[in-house]
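# Geometric and topological summary
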Amino acid sequence: MKQLLLDISPPCLPTLENFVPGRNLELFQTLKNILGGHEKERFIYLWGVNGCGKSHLLQAVVESFMQNKLNADYINCGITQNFKMDFSVVDKINCLTIDNVDRLNASTQIDLFNLYNHIRDECQSLMLVSGSVAPSQLKLREDLVTRLGWGLIYQVHELSDDEKIQAMKKHAKRKGFELTQDVCNYLLRHVKRDLPSLIVTLDALDLHSLREKRPITIPMLRELLLPAS
């Protein structure tokens, strides 16, 4: 049954509307204020453990800009390390987001340093960058670390178990089924605990339930998580 998990598409496109703030209300409101034109901060650095929501927020901000017919770009350093960007192109970008900055090599750290300086001096773009730790703890060039600390710095806190359960139940309700507390507790014990992984499992569980025409229960969840025979 694990193949069914692989067949499920990733969760829907990240937006601020489907982000669960938890303890990140200040950060969440700051981003909404910037997008609404109520704050003028141009540099923001987010940090936190994998699965805490950093990537979701960066992609959500890009999506918001694009929905408003503005130019925005999301770069994941875990996939690409190319920052040799034409500055004439950068000047036309309203928002640039760079994820997993701690994965940069020595050469691309210089490129990002130059990019920071250009955006500060030559254009009015918003720049959001994320890493696994606070700027002062990054093992990067000292001058780049200084640039990463120019603006606002926020730790993105993981959701508590209760907040994850609330988010799962809300997601289930949107999809038209009820999720019991027992199933939620089982998911937290036996599935990767970050919210995106939990939501993917819920979507697979919903599909399996519809195919089998059976209600969602812990035995059904066990079936879903069993290795294929």
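So, here's what we can say about the structure. Computed from a predicted model, the values in this text were never measured in an experiment.

## A few points about the overall build of the chain
- What the chain contains, in helices and strands, is 10 helices and five strands.
- Taking the principal axes of its C-alpha atoms as reference, the chain extends roughly 60 × 35 × 30 Å.
- Looking at the 229 residues of the chain, the share that counts as buried comes to 47%.
- Within the chain, contacts between residues at least 6 apart in sequence are counted, and of these 69% link residues at least 24 apart.
- In the structure as shown, the chain presents an accessible area of about 12,200 Å², 51% of it carried by carbon and sulfur atoms.
- Across the chain, the mean location of the 27 positive side-chain charges is 4 Å away from that of the 27 negative side-chain charges.

## Concerning helix 8 (residues 181-190)
- Listing the buried residues of helix 8 in full gives V183, C184, Y186, L187 and L188.
- Buried-residue contacts for helix 8 involve helix 7 (161-175), helix 9 (195-212) and helix 10 (218-225).

## Quick look at the pairing of strand 4 (residues 126-131)
- Burial runs high along strand 4: six of the six residues are buried.
- Of the two faces of strand 4, the one carrying L126, L128 and S130 and the one carrying M127, V129 and G131 are both buried.
- Direction of pairing for strand 1 (residues 43-47) relative to strand 4: parallel, over a ladder of five bridges. Bridge assignment links W47 to a residue of strand 4, and that residue is G131.
- Each parallel crossover has a hand, and for strand 3 (residues 95-99) linked through helix 5 (residues 106-122) to strand 4 it is right-handed.

## Thoughts on the packing of aromatic side chains
- Enumeration according to the criterion identifies four aromatic pairs in this entry.
- Consider the rings of F19 and F28, whose centres lie 6.1 Å apart with planes at 20 degrees: the pair is stacked.
- Residue class for F28 comes out buried when judged on its relative accessible area of 13%.
- Ring geometry for F43 and W150: centres 5.7 Å apart, planes at 70 degrees, overall edge-to-face. In this pair, F43 sits in strand 1 while W150 sits in the loop between helix 6 (142-148) and strand 5 (152-155), placing the two residues 107 residues apart along the sequence.
- A relative accessible area of 29% means that W150 is categorised as partly exposed.

## So, the side chain of E63
- Note on placement: E63 falls in helix 3 (residues 54-67).
- Buried charge without a salt bridge: E63, with K69 as the nearest opposite-charge side chain at an N-O distance of 9.5 Å.
- Setting aside chain neighbours within four positions, we find E63 in contact with L13, P14 and T15.

## Observations regarding the nonpolar core
- Residues M168, L179, V183, L187, L205 and L221 are the most contacted members of the largest nonpolar core, which totals 25 residues.
- Broken down by secondary-structure element, the contributors of at least two residues to this core are helix 7, helix 8, helix 9 and helix 10.
- Of the residues forming this core, the biggest block, six residues, is contributed by helix 9.
- Judged by nonpolar contacts, the second largest core, of 23 residues, contains C77, F113, I119 and V145.

## Structural notes on the sheet that holds strand 5
- Strands sit in the order 2-3-4-1-5 across an open sheet of five strands; the sheet is parallel. The outermost strands of the open sheet, each flanked by one partner alone, are strand 2 (72-76) and strand 5. Adjacent strand axes in the sheet meet at a mean angle of 15 degrees when their direction is disregarded.
- Where helix 2 (residues 25-35) meets the sheet, it contacts strand 1, strand 4 and strand 5, and its direction lies at approximately 140 degrees from that of strand 5.

## Observations concerning unusual backbone geometry
- Although it is not a glycine, K69 adopts a positive phi angle of roughly 65 degrees.
- Position of K69 among the secondary structure elements: in the loop between helix 3 and strand 2.
- In this model, K213 sits at a positive phi of 55 degrees, which is unusual for a non-glycine residue.
- With respect to the helices and strands, K213 occurs in the loop between helix 9 and helix 10.

Definitions and limits used
Residues numbered from 1 in each chain as written. Predicted model: local features only at pLDDT ≥ 70, side-chain atom pairs only at ≥ 80, totals over all residues. Heavy atoms only, no water. Helix = DSSP H or I, 4+ residues; strand = E, 2+ residues; numbered from the N terminus. Buried < 20%, exposed > 50% of the residue type's maximum accessible area, 1.4 Å probe, protein only. Contact = heavy atoms within 4.5 Å. Areas by Shrake-Rupley, 256 points an atom, 1.4 Å probe, with all protein chains shown as cover. Lys, Arg positive; Asp, Glu negative; His and termini not counted. Charge placed at Lys NZ, Arg CZ, Asp CG, Glu CD. Pairing = 2+ DSSP bridges. Right-handed = clockwise from strand over helix to strand, strands pointing away. Phe/Tyr/Trp six-rings, centres within 6.5 Å; stacked < 30°, edge-to-face > 60°. Salt bridge = Lys/Arg side-chain N within 4 Å of Asp/Glu carboxyl O. Core = buried A, V, L, I, M, F, W, Y, C linked by side-chain atoms within 4.5 Å. Axes fitted to C-alpha atoms, helices over the stretch in contact; angles between N-to-C directions.

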